[in-house]
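Observations on the three-dimensional arrangement
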Amino acid sequence: MPQGNPVEVPDDGLTTRARRNTPVLAVHTGDGKGKSTAAFGMALRAWNAGLDVAVFQFVKSAKWKVGEEAAFRHLGELHDQQGVGGAVEWHKMGAGWSWTRKHGSEVDRAAAAADGWAEIAHRLSEQRHDFYVLDEFTYPLKWGWVDVDEVVRILINRAGHQHVVITGRDAPPQLTDAADLVTEMTKRKHPMDAGRKGQKGIEW
């Protein structure tokens, strides 16, 4: 895309403005670091543009903390109190949101992930948010906890102007085929390869 212009303009009957404003489905996958970080960076841009942002983390424990969560919660408060930026919601498995099974077997976690996706699908149908981050969502898809074909169908047919960014390794082909933007993070080097553990401010 030299100078920000597309190489080809499709003959789809849309105006340049309409094509530019088409909602984006993005997937950040691959075995390299930075998938979630890039998604949260996009969410920050969305917040600054006044979009309603919702983050849904498909993690095993509510105790897992990332620095972006605290930052976005403060940004949400800034919006609520001063009208700056957009509204923010941050949800994760085990935090008492729609995932009621906080502990238990893999069957429990699979059911919890399915419940979480059902809530997201409901919100998409209501057009409740402008920008969704489904963090680590490729894993429940990979493990068969959530039906890939259903997810793709709902995402493709979502109404309005709702952007969705999905992160995680091993994104299924059906999802990447449906996406408008696919970025694969490739690891070349990592501090852990040299025996260094993750550190505050870098990994969380």
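Below you will find a few notes about this structure. (Residues numbered from 1 in each chain as written. Predicted model: local features only at pLDDT ≥ 70, side-chain atom pairs only at ≥ 80, totals over all residues. Heavy atoms only, no water.)

1. So, the side chain of His 28
Which entries qualify depends on this criterion: Helix numbers and strand numbers start at the N terminus; a helix is a DSSP run of H or I with at least 4 residues, a strand a run of E with at least 2. Between buried and exposed lies partly exposed: a residue is buried under 20% and exposed over 50% of the maximum accessible area for its type, with that area taken using a 1.4 Å probe on protein chains only. Residues adjacent in sequence count toward polar contacts only when both atoms are side-chain atoms; beyond that, a polar contact is any pair of N or O atoms within 3.5 Å, and within protein one must be able to donate a hydrogen and the other to accept it.
Counting through the fold element by element, His 28 comes out in strand β1 (residues 25–29). Of the residues examined, His 28 reaches a relative accessible area of 3% and is grouped as buried. Among the polar contacts listed, one links the side chain of His 28 to the backbone oxygen of Lys 35, at a separation of 3.1 Å.

2. Quick notes on the packing of aromatic side chains
Rules: A pair of Phe, Tyr and Trp rings is counted when the ring centres sit within 6.5 Å of each other, with Trp represented by its six-membered ring. The angle between the planes then sorts it: under 30 degrees is stacked, over 60 is edge-to-face, the rest tilted.
Inspection of the entire model under this criterion finds 7 aromatic pairs. A ring pair is formed by Phe 56 and Tyr 132, whose centres lie 6.2 Å apart and whose planes are at 20°; its orientation type is stacked. Separated by 76 residues along the polypeptide, Phe 56 in strand β2 (residues 53–57) and Tyr 132 in strand β4 (residues 131–135) bring together distant segments of the chain. We classify Phe 56 as buried; its relative accessible area is 0%. Residue class for Tyr 132 comes out buried when judged on its relative accessible area of 1%. Here the aromatic rings of Tyr 139 and Trp 143 are separated by 5.7 Å at their centres, their planes lie at 35°, and the arrangement is tilted.

3. Notes on helix α3 (residues 67–82)
A turn of α-helix holds 3.6 residues, and therefore any two residues three or four places apart point the same way. Heads up, the condition is: Helix span, as expected, comes to 1.5 Å for every residue beyond the first. Taking the helix axis as origin, the arc is that swept by the directions to the C-beta atoms.
Here α3 spans 23 Å end to end across 16 residues, near enough to the 22 Å set by a 1.5 Å rise per residue. Among the residues of α3, Glu 69, Phe 72, Leu 75 and Gly 76 are the ones counted as buried. The arc that holds the buried residues of α3, viewed along the axis, is 125°, so those residues lie on one side. The outward face of α3, more than 90 degrees from its buried face, is lined by the exposed residues His 74, Gln 81 and Gln 82. Looking one or two places after α3, you find Gly 83, whose phi comes out positive at around 75°.

4. Examining the environment of Asn 21
Looking at the element boundaries, Asn 21 is found in the loop between α1 (16–20) and β1. The exposure class of Asn 21 is partly exposed, given its relative accessible area of 37%. Along the primary structure Asn 21 and His 161 are separated by 140 residues, whereas in three dimensions their C-alpha atoms are 7.9 Å apart.

5. Remarks on the pattern of salt bridges
In plain terms, the rule: Take a side-chain nitrogen of Lys or Arg and a carboxyl oxygen of Asp or Glu: if they are within 4 Å of each other, that pair is a salt bridge.
For the structure shown, the criterion picks out 6 salt bridges. For Glu 69, the salt bridge is made with Arg 73, and the minimal N-O distance between the two is 3.0 Å. Highlighted residues: Glu 69 and Arg 73, both in helix α3, separated by 4 residues, approximately one helical turn. A residue is classified by how much of its surface remains accessible, and Glu 69, at 6% relative accessible area, is buried. Relative accessible area serves as the criterion here: at 40%, Arg 73 is assigned to the partly exposed category. When the shortest N-O distance is used, the salt bridge between Arg 128 and Glu 126 registers 2.7 Å. Judged by relative accessible area, which is 34%, Arg 128 ranks as partly exposed. Relative accessible area serves as the criterion here: at 41%, Glu 126 is assigned to the partly exposed category.

Geometric values such as these leave the question of function open.
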